[in-house]
Amino acid sequence: MLRLRKKSNDDRGLAEFRDLMEVPSTFEEGFTWPALLGALFVAFMMVPGSIYMNLLAGIGIGPAAQWVTVILFIEVARRANKTLKKAEIYILWFLAGQAVILPFEGVLWRQFFAQSNAAQAWGIAEQIPDWFVPNDQAILDKRSLFHARWIPALLLVVFHTFMSRINNTILGYGLFRVASDIEKLPFPMATVGAQGILALSEEQEEEKQQGAGGDSDAPKSWRWRVFSIGGFLGLLFGMVYIGLPTITGALLERPILIFPIPFVDWTQKTQNILPAVATGLSFDMGMLMVGMVLPFFSMMGSFVGLMLTWVVNPILYRSDVLTSWNPGDTTVITLFKNNIDFYFSFTIGVSLAVFVFGLLGTFGKLKGAKRDRVRKGVDEATMRERGDIKAPYIIAVYVIATMLYIVVSGFLINWHPGVMIVMFFFGFVYTPLISYVTARLEGITGDVVTVPLIREASFILSGYKGVTVWFLPLPIANYGIATVGYRQAELSGTRFWSKWKALIVLTPIVLVSGLFFANFIWSLGPVPSPQYPFAQEMWEMMAETQCIMFSATMGGYSLFQKAFSPIIIGIGLGFGVTGFMVTSALGMPVFFIYGLIRGIGQTLPHVIITQFVGALLGRYYFQKRLKLKWRQYVPVVAAGFSCGMGLFTTLCIGITFLIKSVFQLPF
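Definitions and limits used
Numbers given for residues are sequential positions, taken from 1 along each chain in its written order. Only residues with pLDDT of at least 70 get local features here, since the model is predicted, and only at 80 or more are side-chain atom pairs given and counted; chain-wide, interface and lining totals rely on the full set of residues. Excluded from the side-chain calculation are hydrogens and water; included are all heavy atoms of the structure. We count a stretch as a helix when DSSP gives it H or I for four or more residues in a row; a strand needs E for two or more, and each element gets its number in order from the N terminus. Here the term buried applies to any residue with accessible area under 20% of the maximum for its type, exposed to any over 50%, and partly exposed to those in between, with areas from a 1.4 Å probe on protein chains only. Between two residues, a contact is recorded if the distance between any of their heavy atoms is within 4.5 Å. Per-residue and other accessible areas follow the Shrake-Rupley method at a 1.4 Å probe size, with only the shown protein chains counted as cover for residues. Fitting a line to C-alpha atoms yields each axis, with helices limited to the stretch in contact; the angle taken between N-to-C directions then spans 0 to 180 degrees. Orientation categories follow fixed angle ranges, with anything under 35 degrees roughly parallel, anything over 145 roughly antiparallel, 65 to 115 roughly perpendicular, and all other angles oblique. Crossing chirality is assigned from the near helix's rotation relative to the far helix, an anticlockwise turn below a right angle marking it left-handed and a clockwise turn marking it right-handed. Polar contacts here mean pairs of N or O atoms no more than 3.5 Å apart (in protein, one a potential hydrogen donor and the other a potential acceptor; neighbouring residues in sequence count only if both atoms are side-chain atoms). For a helix, the expected span equals 1.5 Å multiplied by the residue count minus one. Each salt bridge in this description consists of a side-chain nitrogen of Lys or Arg and a carboxyl oxygen of Asp or Glu lying within 4 Å of one another. Gly is placed with the polar residues, together with every amino acid not listed as nonpolar (Ala, Val, Leu, Ile, Met, Phe, Trp, Tyr, Cys and Pro) or charged (Asp, Glu, Lys and Arg). One number per residue, pLDDT, summarises how confident the predictor is, and it ranges from 0 to 100. We call Phe, Tyr and Trp rings a pair once their centres come within 6.5 Å, taking the six-membered ring for Trp, and we label the pair stacked below 30 degrees between planes, edge-to-face above 60, and tilted otherwise. Consider the ring centre and the ring normal. A charge sits over the ring if Lys NZ or Arg CZ is within 6 Å of that centre and within 35 degrees of that normal. Nonpolar cores were defined as sets of buried Ala, Val, Leu, Ile, Met, Phe, Trp, Tyr and Cys residues, with membership established by side-chain atoms within 4.5 Å.

Novice: I'd love a proper account of the overall build of the protein, names of residues and values included.
Specialist: Of the regular secondary structure elements, the protein holds 25 helices and two strands. A burial count over the protein gives 57% of its 667 residues as buried. Once local pairs closer than 6 in sequence are excluded, the contacts in the protein between residues at least 24 apart make up 82%. Of the roughly 28,300 Å² of accessible surface on the protein, 67% is carried by carbon and sulfur atoms.

Listed below in structure tokens is the structure:
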């Protein structure tokens, strides 16, 4: 009886969030001429801003690019007495998000790493292969990517971009079919973008009806009103959080910050009470919104997991398990050292538990789906309308793309047998496994799972000696994140082929614009520098961390030799299995255990605390006042907030580039 009651509670909990939006009965083509123009717009207007914001604050402008692009094209269409369909709005929104995933941004990091103090001190700089970055100081001093010595590195970036996007598209789609069509997971974060798109679409329709002589006193769409409120909040917060440091950073040696970016670090202040525990707080209001959107019991589980970490870490430290941590270590160093000592293997074990229980649930629902299909004849017509492709094609494309990765990497590493085994493990075991686990977490809690240091442990076990292996284009990624985009396309009534055609057109455009603007920003001055506080603050530490990693294959003892522990993996597996069994026996919401897994271990407390505060405000203040309507309102508020932040961020970036360009003139 307990088991039946648990299953019923889970189904009701998942259905509550899945039913917040209904899937349309028809699907439309979204890749039209406006979408093509949108691809060109974001590639040449948003790409430089995204590179700049990553250097300044460690954040991209994905939401900024998306909402600015959509609103701009809606306004252009309005002037032409046209309206954009929901599918067209979604494709514009999707294109803008994809355009700021910048392939050539990484070359700015590469040139810094090759010249960094850490790489020089560890003797790694002279061993870096030319196909990763030109190993010549005279070339790097020119601060230009348009040099013949950069060609091999740039070609590998192009190859990696095409292969990763193919795999992300095809495997992400396949995982969506499993997590959404079969398991019926709610994907809570997918409603944020979808509700925003619907709000803009409804606002267009209302204006069109009024323009055609409709009733001007008719009630307006609640979505547009709520979206506007969120947009106003985003503008106000963006003015302080992003606007002030961006503008002052362009005019002064150091930017003025009211709220610390990306977070305030309290680890050194709490080290006597909470040794080996990373503490701090994020002041990003966007995280507050995320906490309101996600299921409450998911956020409750995350907070409980965080509290467990605060209790367990001091015990592990005093028990000589977390031996690497030292008083004075910052958040980043604390998380890194704790990963080596314990959480690397623990996370592997927990992920295996999620994978096993997820597969068991999937097989059960797959059998039920087959019975329903036979009994009701459901889904085939919808799948054709949606533009689905068959499973054998999904598998074939993924296998071919992954094999190309392996062949290219094998050629660059001289077919080292140990590394080749690692490549096959990454491509056909680890990547599908972690992608499926993430697809389930995205579907339930809106979060991503990572197994830290898996690449490092694999290279150590491969028996390779040297540093070349660390720079290979690897078939390792987490494609479960892409499932959210397919759910958003479904909710907006967009044919999947529209997404795929848009990507085919967009990718070469982004490669060209990304190369041009990365070169332009580098030509303005050294990267990093005081003008880019995030890069200035974090890159040297990141370089030191990477050098410690690379030392693992240079001979002698490495810290990573103790990172892989079968015993700790077993502990993590046991924790995960026990957690699933206990929550099942107690009839607790399924959200709680996935939130607990998200919160325990090495998740930044700075973010979880802010999100949990948002969850408490949403449940015990706004939901009490607005009742069930709150669950419908909050994704639209979050979408509007993201739009407002994006608009102001884009304005600040434009002003910054204007200032820097003027100051570069010789007169």
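Novice: Explain unusual backbone geometry to me, using residue names and the numbers behind them.
Specialist: Between V527 and P528 the backbone carries a cis peptide bond, its omega angle lying at 5 degrees. Within the element layout of this structure, P528 appears in the loop between α20 (496-524) and α21 (533-550). One non-glycine residue, R143, lies in positive phi territory at about 50 degrees. Tracing the chain through its elements places R143 in the loop between α8 (137-141) and α9 (151-182). Positive phi, close to 55 degrees, is recorded for K184, a residue that is not glycine. As for its position among the elements, K184 is in the loop between α9 and α10 (190-211).

Novice: Run through the packing of α9 against helix α16 (residues 391-412), naming residues and quoting values.
Specialist: Running from N to C, α9 and α16 cross one another at 150 degrees; their axes reach a closest spacing of 9 Å. The angle between the axes of α9 and α16 places the two elements in the roughly antiparallel class. At the point where α9 passes α16, the crossing takes the left-handed sense. Residues L156, F159, H160, M163, S164, I166, N167, I170, L171, Y173 and G174 of α9 pack against I394, V397, Y398, A401, T402, L404, Y405, V408 and L412 of α16.

Novice: Before we move on, can you summarise the side chain of D329 with the specific residues and values?
Specialist: Structurally, the position occupied by D329 is in the loop between α13 (296-318) and α14 (331-376). Of note is the side chain of D329, whose polar atom sits 2.9 Å from the backbone nitrogen of N326.

Novice: Lay out α9 in plain terms, naming residues and giving numbers.
Specialist: With 32 residues, α9 extends 45 Å between its outermost C-alpha atoms, agreeing within 8% with the 46 Å of an ideal straight helix rising 1.5 Å per residue. Trailing α9 by a residue or two, K184 shows a phi angle of about 55 degrees, which is positive.

Novice: Report on the environment of S324, specifying residues and quantitative values.
Specialist: Position of S324 among the secondary structure elements: in the loop between α13 and α14. Separated by 17 residues in the primary sequence, S324 and D341 place their C-alpha atoms 6.9 Å from one another.

Novice: Outline the pattern of salt bridges, supporting the account with residue identities and numerical values.
Specialist: The full count for this structure, using the stated rule, is 11 salt bridges. Here K501 and E29 are joined by a salt bridge, their closest N and O atoms 3.2 Å apart. Here K501, found in helix α20, pairs with E29, found in the loop between α1 (2-18) and α2 (33-45); they are 472 residues apart in sequence, far enough to count as distant. On the basis of relative accessible area, E29 is assigned to the partly exposed category, the value being 23%. Across the pair R487 and E490 runs a salt bridge, and its minimum N-O distance is 2.7 Å. One end of the pair is R487 and the other is E490, both in helix α19 (residues 483-491) and three residues apart, which spans about a single turn. Comparing R487 with E490, the two get one shared label, buried. Sharing partners across several salt bridges, the network here consists of R177, D181, R386, D388, R487 and E490.

Novice: For the packing of helix α5 (residues 86-99) against α20, give the residues involved together with the corresponding values.
Specialist: Helix-helix packing is described using two parameters, namely the angle between the two axes and the distance between the axes. Remark: α5 packs on α20, axes separated minimally by 10 Å, with the N-to-C direction vectors making an angle of 35 degrees. Every pair of crossing elements has a handedness; the one defined by α5 and α20 is right-handed. In contact with Y90, I91, F94, L95, Q98 and A99 of α5, α20 contributes S498, K499, A502, L503, L506 and V510. The class makeup of the residues in the contact of α5 with α20 is nine nonpolar, two polar and one charged.

Novice: Talk me through the confidence of the model for the protein; I want residue IDs and the actual numbers.
Specialist: In the predicted model, the protein carries a mean pLDDT of 79, and the fraction of residues at 70 or more is 83%. Per-element confidence in the protein is highest for α16, whose mean pLDDT is 91, and lowest for α1, whose mean pLDDT is 51. Here residues 1-8 scores under 50 on pLDDT; set against residues more than four positions off or in separate chains, the count is six contacts.

Novice: I'd love a proper account of the packing of aromatic side chains, names of residues and values included.
Specialist: One pass over the full model with this rule turns up 41 aromatic pairs. The interplanar angle of 40 degrees and the centroid separation of 4.5 Å between the aromatic rings of F132 and F471 together place this pair among those described as tilted. Of this pair, F132 sits in the loop between α7 (117-121) and α8 while F471 sits in the loop between α18 (454-462) and α19, placing them 339 residues apart in sequence. The class for F132 is buried, based on a relative accessible area of 12%. You can call F471 buried: its relative accessible area is 6%. On the basis of an interplanar angle of 80 degrees and a centroid distance of 5.7 Å, the ring pair of F159 and Y405 is categorised as edge-to-face. Of this pair, F159 sits in helix α9 while Y405 sits in helix α16, placing them 246 residues apart in sequence. When its relative accessible area of 18% is taken as the criterion, F159 is described as buried. Three or more aromatic residues joined by ring pairs make a cluster, and in this case those are W109, F112, F113, F132, F425, F426, Y430, F459, W470, F471, W539 and F550. When the ring centre of F94 is taken as reference, the NZ or CZ atom of K499 above it lies at 3.8 Å. Over the aromatic face of Y486 sits the side chain of K499, whose NZ or CZ is 4.7 Å from the ring centroid.

Novice: How would you sum up the environment of S116? Please name residues and give values.
Specialist: Topologically, S116 is positioned in the loop between α6 (106-115) and α7. Using a relative accessible area of 2% as the deciding quantity, one classes S116 as buried. As a C-alpha pair, S116 and A543 span 427 residues in sequence and 7.1 Å in three-dimensional space. The contacts of S116, once residues within four sequence positions are left out, are E540 and A543. Polar contacts involving the side chain of S116 include one to the main-chain carbonyl oxygen of F113, which spans 2.8 Å.

Novice: Please provide a residue-by-residue account of the environment of F259, values included.
Specialist: Its location among the elements puts F259 in the loop between α11 (222-251) and β1 (264-265). With residues up to four places along the chain from it excluded, the contact list for F259 reads F237, V240, Y241 and F283.

Novice: Summarise the nonpolar core; cite the residues concerned and give the values.
Specialist: Across soluble globular proteins, nonpolar side chains have a tendency to be buried as a group. In this structure, I51, L55, F113, W150 and L472 are the most contacted members of the largest nonpolar core, which totals 154 residues. The element that contributes the greatest number of residues to this core is α20, accounting for 12 residues. Apart from the residues within four sequence positions on either side, W150 is in contact with V107, Q111, V133, P134, I139, L140, S144, L145 and W522. Among the nonpolar cores identified, the runner-up in size contains seven residues, and F344, I348, I434 and A457 belong to it.

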